[in-house]
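Overview (structure and organization)
For reference, the chains in residue letters:
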Amino acid sequence: MAEILVLVDHTDGAVRKPTLELLTLARRLGEPSAVFLGPGADAATETLGRYGAHRIHVVDAPEVDEYLVTPAVDALTQIAERTGPAAILLPSGPEGKEIAARVALRLGSGLITDAVDVFAGSDGPVTEQSAFAATYQVTAHVTRGAPVITVKPNAVAPEPAPVTPAVEKQDITFGPAATAVRVLSRTPRERGDRPELTEADIVVSGGRGVGGAENFAVVERVADLLGAAVGASRAAVDAGWYPHSHQVGQTGTQVSPQLYLAAGISGAIQHRAGMQTSKTIVAVNKDPDAPIFELADHGVVGDLFEVLPRLADEIERRRG
Ligand code: FAD
């Protein structure tokens, strides 16, 4: 069966959820092989096998850890040349997209970025992308070479398919450009107990209707009961009620969770651009004509300060 290379996103062997989603998608196209760069492969083997990686190509050279992007490009390109994959999947972050573009150029392959779905077509992998502030769905496939595809988080729910992976160490010849930019230090981003906005299965967001920084506690209470990330509209962020890193939308973070709950958000096009591909959208707004109701799967016309606490109470009551 055709090999599908999946670039693993990890921190010292702790595999991040988007990689498990890529492995799940890769199984639709062929036999997934993980490409693991840097230290920590032993810690990742069980997880990668559990989600269907038949092989793990490991590159534990210091270059991939100590230098920016180019060593990963050298490694992925050379592994692709050795294995002749039917497709290469990467996570759609800034680094994933930069690696993908360079690998595609070197391999002479077509590139598709920010796919929200990938499936097998008669001429190879077919992708769905969400374009122009999510007003168009684009179906595409690559016509030259092994497709290089970056996929947004939450395109699919990760599904286990356990196998025992064969681990293969790969020796890579790094070009002179690989050691051009050295990483001098890394500072982990401060984060609380909540999941990352881009990776969360559930996002609960507040907008101008929340009315103040202290009022975000009602949004956070629901989020914490659901194990969700907290998002905010630009109006809420610009007012200084919530950190900019939580802004959802065209000029903020684009999310695609299983469930998106928008409270006190009108549904401006720029906000929709960041959440429209969510699987289920629930809106709470006191204005029955708010545009958010046009795309919501479920809507509650009401005051969020009544609706959210009652929702939280009900979740707590059902959990006993
Ligand atoms: P509003 O539009 O003011 O809506 C507030 C809503 O809350 C109303 O519908 C109201 O009925 C409701 N409400 C009020 N009180 C309550 C209550 N007690 N209970 C229930 N409902 C209540 N916006 C983004 O969000 N993300 C972006 O990335 C983004 N990028 C932009 C880029 C550009 C170039 C531009 C021009 C704009 C951008 N915007 C973005 C701003 C966008 O156009 C809107 O202004 C913004 O999304 C509005 O935020 P909001 O829905 O919270 O506020």
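To start, this report covers the structure provided alongside it. (Residues numbered from 1 in each chain as written. Predicted model: local features only at pLDDT ≥ 70, side-chain atom pairs only at ≥ 80, totals over all residues. Heavy atoms only, no water.)

**Topic: the pairing of strand S1 (residues 3-7)**
To be explicit about the condition: To sort residues, take the accessible area from a 1.4 Å probe on protein chains only and compare it with the maximum for the residue type: under 20% means buried, over 50% means exposed, and anything in between is partly exposed. Put simply, DSSP H or I for four residues or longer makes a helix, DSSP E for two residues or longer makes a strand, and each gets a number counted from the N terminus. Two strands form a pair only when DSSP identifies at least two bridges running between them.
The element S1 is extensively covered by neighbouring structure, given that 5 of its 5 residues are classed as buried. The alternating pattern of S1 places Glu3, Leu5 and Leu7 and Ile4 and Val6 on opposite faces, both of which are buried. Across 5 bridges, the pairing between S1 and strand S4 (residues 31-37) is parallel. For leucine 7, the partnering residue across the bridge sits in S4 and is valine 35. By the bridge criterion, 3 bridges tie S1 to strand S6 (residues 87-91) in an arrangement that is parallel. In the strand pairing of S6, isoleucine 4 is matched with alanine 87.

**Some words on the site of the ligand**
Using the following cut-off: Any residue with at least one heavy atom within 4 Å of a molecule or strand is counted as near it. Definition of a polar contact: a pair of N or O atoms within 3.5 Å, with one able to donate and the other able to accept a hydrogen when the atoms are protein atoms, and with sequence-neighbouring residues admitted only if both atoms are side-chain atoms. For the area figures, the Shrake-Rupley method with a 1.4 Å probe applies, and any residue is considered shielded solely by the protein chains shown. Basically, the charged four are Asp, Glu, Lys and Arg, the nonpolar ten are Ala, Val, Leu, Ile, Met, Phe, Trp, Tyr, Cys and Pro, and anything else, Gly included, counts as polar.
Of all residues adjacent to the ligand, which total 25 residues, the nearest are Arg208, Ser233, Thr251, Ser266 and Asn285. One of the backbone N or O atoms of glycine 252 is found 3.4 Å from an oxygen atom in the ligand. One of the backbone N or O atoms of leucine 304 is found 2.9 Å from a nitrogen atom in the ligand. Coverage of the ligand by the protein amounts to 75% of the 980 Å² it exposes when considered alone. Listed by contribution, the elements that provide at least two residues to the shell around the ligand are helix H7 (234-238), helix H8 (269-272) and helix H10 (304-319). Residue composition of the shell around the ligand, by class: 6 nonpolar, 14 polar and 5 charged.

**What to know about helix H4 (residues 70-83)**
Given 3.6 residues to a turn, an α-helix orients residues that are three or four positions apart in the same direction. Stated formally: A helix is expected to span 1.5 Å multiplied by its residue count minus one. The criterion used for residue contact is that any of the two residues' heavy atoms lie within 4.5 Å.
The terminal C-alpha atoms of H4, which comprises 14 residues, lie 20 Å apart, in line with the 20 Å expected from a rise of 1.5 Å per residue. Most of H4 sits out of view: 11 of its 14 residues are buried. Turning to H4, its buried residues are Thr70, Pro71, Ala72, Val73, Asp74, Ala75, Leu76, Thr77, Gln78, Ile79 and Ala80. Buried-residue contacts for H4 involve S1, S4, strand S5 (55-59), helix H3 (62-66), S6 and helix H5 (94-107). At the C-terminal side of H4, glycine 84 shows a positive phi close to 55°.

**Overview of the packing of aromatic side chains**
Stated precisely, the cut-off is as follows: Note on aromatic contacts: the rings of Phe and Tyr and the six-membered ring of Trp form a pair at centre separations within 6.5 Å, being stacked when their planes are under 30 degrees apart, edge-to-face when over 60 apart, and tilted otherwise.
The final tally for this structure, using the stated rule, is 1 aromatic pair. With 4.5 Å between their ring centres and 25° between their planes, phenylalanine 216 and tyrosine 242 make a pair best called stacked. In this pair, phenylalanine 216 sits in helix H6 (residues 216-226) while tyrosine 242 sits in the loop between H7 and strand S14 (259-263), placing the two residues 26 residues apart along the sequence. With a relative accessible area of 1%, phenylalanine 216 lands in the buried category. A residue is classified by how much of its surface remains accessible, and tyrosine 242, at 10% relative accessible area, is buried.

**A word on the sheet that holds strand S12 (residues 202-206)**
Heads up, the condition is: In this analysis an axis means a line fitted to C-alpha atoms, helices contributing only their contacting stretch, and an angle means the value between N-to-C directions, from 0 to 180 degrees.
Taking strand neighbours across the sheet as the criterion, the 5 strands line up as S13-S12-S14-S15-S16 in an open arrangement whose pairing is parallel. In this open sheet, the two edge strands, each paired with only one partner strand, are strand S13 (229-232) and strand S16 (298-301). Going from strand to strand, the sheet's axes swing by 15° on average, the running direction of each strand aside. Pairing of strand S15 (residues 280-285) with S16, which is carried by 4 bridges, proceeds in the parallel orientation. Looking at S16, one finds that alanine 283 is bridged to glycine 299.

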